[in-house]
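# Coordinate inspection notes
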Amino acid sequence: MSSTAIQLAVGRHEQATVVRVTGELNRASYSTVRDGLLKIATDAPDGLVADISELVIADSSLASVFSLVAMRIGDWPAIPFTVVASSAHREQLSRHVVDRYVPVRTDLAAATAALDHPVRRRCERVFPCAEGTSAQIREFVTAKLTEWDVPELAEDARLIATELVENVLRHTTSEPKLRLDLRRGVCTVAVADQDTRPAMLLERLSPFEPGMGLKLVAQIARTWGCSRSWAGGKVVWAVLLPGARTTGDRPAG
């Protein structure tokens, strides 16, 4: 008997984005479920609920995909995540300790209520593909982080935002969309564009070339990465913690 193709239906319930996952989760469809939920999470600012009550899980070990999704979206977009599951699914999820990473509930109302909604500030703005955009970006970031009472993060956020926006302007035809989030003292800087090609933050070959390069972004940010968006295109993001610079050469993704 052939397996049923995975379907991801996106809707809303109260403040949460709800994804109804149907079909059969098997080794062939594992990446579809994982990548689909990760893409949807980029456009789910208030929280994500995966309703798997009608999902067939062929191999219970594959239920770990929901733990993976929870860990991957923990850094960015840093939104709460819960799962709606039947009693049979709950046993499978518990067996593979998924419920240690993700709240699992029996119905949508309970899953939505279980979402953790800490105080969060967020803003977005689309900037033009024009000369002077980088200066506008720096002014915008400085003003917002000062307004949010975290001016100590402004310098690092400005540098990262400028690099990510200039990367969009140099390598795509999109208007860059800047998003700033502040949640529990953690600030994220994210820039979205409509180009589906993965971001290539290249090192400068000489100090006279524009852009700060990957090394500076990696040194400033606690972590950074490139995520595909369910709406199309991609988002390149970086996470900042007060007074906690680290080094690294590889993005999260």
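Above this text is the structure in question.
Reading the values: rules and limits
- For every chain, the first residue of its written sequence is number 1, and the numbers climb from 1 along that sequence.
- Local features in this predicted model are restricted to residues whose pLDDT is 70 or higher, and side-chain atom pairs enter the listing and the counts only when it is 80 or higher, whereas totals over whole chains, interfaces and linings include all residues.
- Side-chain numbers come from the whole structure's heavy atoms, not from hydrogens or water.
- For two strands to be treated as a pair, DSSP must find no fewer than two bridges joining them.
- Each helix is a run of DSSP H or I of at least 4 residues and each strand a run of E of at least 2, with the numbering of both proceeding from the N terminus.
- Here, axes are lines fitted to C-alpha atoms. For helices the fit covers the stretch in contact, and angles between N-to-C directions go from 0 to 180 degrees.
- Aromatic contacts are taken between Phe, Tyr and Trp rings whose centres are within 6.5 Å, Trp giving its six-membered ring; a plane angle under 30 degrees counts as stacked, one over 60 as edge-to-face, and the others as tilted.
- Each residue gets one of three labels from its accessible area relative to the maximum for its type: buried under 20%, exposed over 50%, partly exposed in between, using a 1.4 Å probe on protein chains only.
- Only buried residues count toward a nonpolar core. Its members are Ala, Val, Leu, Ile, Met, Phe, Trp, Tyr and Cys residues joined through side-chain atoms within 4.5 Å.
- Note on definitions: a residue-residue contact is assigned when non-hydrogen atoms from the two residues lie within 4.5 Å.
- When a carboxyl oxygen of Asp or Glu lies within 4 Å of a side-chain nitrogen of Lys or Arg, that pair is called a salt bridge.
- We call two directions roughly parallel when the angle between them is under 35 degrees, roughly antiparallel when it is over 145, roughly perpendicular when it lies between 65 and 115, and oblique otherwise.
- By definition, turning the near helix anticlockwise from the far helix through less than a right angle yields a left-handed crossing, and turning it clockwise yields a right-handed one.
- Under the grouping applied here, Gly and all other residues not named as nonpolar or charged are polar, the nonpolar ones being Ala, Val, Leu, Ile, Met, Phe, Trp, Tyr, Cys and Pro and the charged ones Asp, Glu, Lys and Arg.
- Multiplying 1.5 Å by the residue count of a helix minus one yields the expected span of that helix.

Here we take up the sheet that holds strand S8 (residues 177-183). In a beta sheet, neighbouring strands pair by backbone hydrogen bonds and run either parallel or antiparallel. Read across the sheet, 5 strands follow the order S7-S8-S9-S11-S10 without closing on themselves; strand pairing throughout is antiparallel. Across the chains shown, the open sheet's two edge strands, defined by having one partner strand only, are strand S7 (120-126) and strand S10 (223-228). Pairwise comparison of adjacent strand axes, ignoring direction, gives a mean angle of 15 degrees for this sheet. In this structure, S10 lies alongside strand S11 (residues 234-240), joined through 6 bridges in antiparallel fashion. For Cys226, the partnering residue across the bridge sits in S11 and is Val236.

Right, let's talk about the packing of aromatic side chains for a bit. As enumerated under the stated definition, the model contains 2 aromatic pairs in all. Measuring from centroid to centroid gives 6.0 Å for Trp76 and Trp237, while their planes differ by 10 degrees, and the two rings are stacked. Of this pair, Trp76 sits in the loop between helix H2 (65-75) and strand S5 (81-84) while Trp237 sits in strand S11, placing them 161 residues apart in sequence. The burial state of Trp76 is the same as that of Trp237; both residues are buried.

Attention now goes to the nonpolar core. Core analysis: the biggest nonpolar cluster contains 32 residues, and Leu25, Ile52, Phe66, Phe81, Val83 and Leu93 have the highest contact counts within it. The dominant element in this core, judged by the number of residues it contributes, is helix H1 (residues 30-41), at 6 residues. Look past the residues within four positions of Leu25 in its chain and what remains in contact with it is Ile6, Tyr30, Val33, Leu55, Val56, Ile57, Ala58, Asp59, Leu62, Ala63, Val65 and Phe66. Membership of the second largest hydrophobic core comes to 30 residues, among which are Cys123, Val141, Leu153 and Val217.

All right, on to the pattern of salt bridges then. According to the stated counting rule, one finds 17 salt bridges in the structure shown. The shortest N-O distance in the salt bridge between Arg120 and Asp181 comes to 2.8 Å. Here Arg120, found in strand S7, pairs with Asp181, found in strand S8; they are 61 residues apart in sequence, far enough to count as distant. The class of Arg120 is partly exposed, set by a relative accessible area of 22%.

Right, let's talk about H2 for a bit. Three or more residues of H2 are buried, namely Val65, Phe66, Ser67, Val69, Ala70 and Ile73. Packed against the buried residues of H2 are strand S2 (16-25), H1, strand S4 (55-57), S5 and helix H3 (87-95).

It is the contact of H1 with H2, at a shortest axis distance of 10 Å, that shows an interaxial angle of 30 degrees. When the interaxial angle is binned, H1 and H2 end up roughly parallel. As for how H1 packs across H2, the hand of that crossing is right-handed. Note on element contacts: H2 touches H1 through Val65, Phe66, Leu68, Val69, Arg72 and Ile73, opposite Tyr30, Val33, Arg34, Leu37, Leu38 and Ala41. When the residues that make up the contact of H1 with H2 are grouped by side-chain class, the tally is 10 nonpolar, no polar and 2 charged.

This part covers H1. End to end, H1 covers 17 Å across 12 residues, agreeing with the expected 16 Å (1.5 Å per residue, within 8%). All of the buried residues in H1 are Tyr30, Val33, Gly36, Leu37, Leu38, Ile40 and Ala41. Close packing links the buried residues of H1 with strand S1 (7-13), S2, strand S3 (48-51), H2 and S10.

Regular strands place side chains that alternate from one sheet face to the opposite one. In terms of burial, strand S9 (residues 186-193) is a largely internal element, 6 of the 8 residues being buried. With 7 bridges joining them, S8 and S9 adopt antiparallel strand pairing. Looking at the pairing, Leu180 lines up with Val189 of S9. Between the antiparallel neighbours S8 and S9 lie 2 residues, among them Arg184 with a positive phi of about 55 degrees. Inspection of the sheet shows S9 paired to S11 by 7 bridges, in the antiparallel sense. Bridge pairing links Thr188 to Val239 in S11.

It is worth stressing that arrangement in space is one thing and function is another; only the former is reported here.
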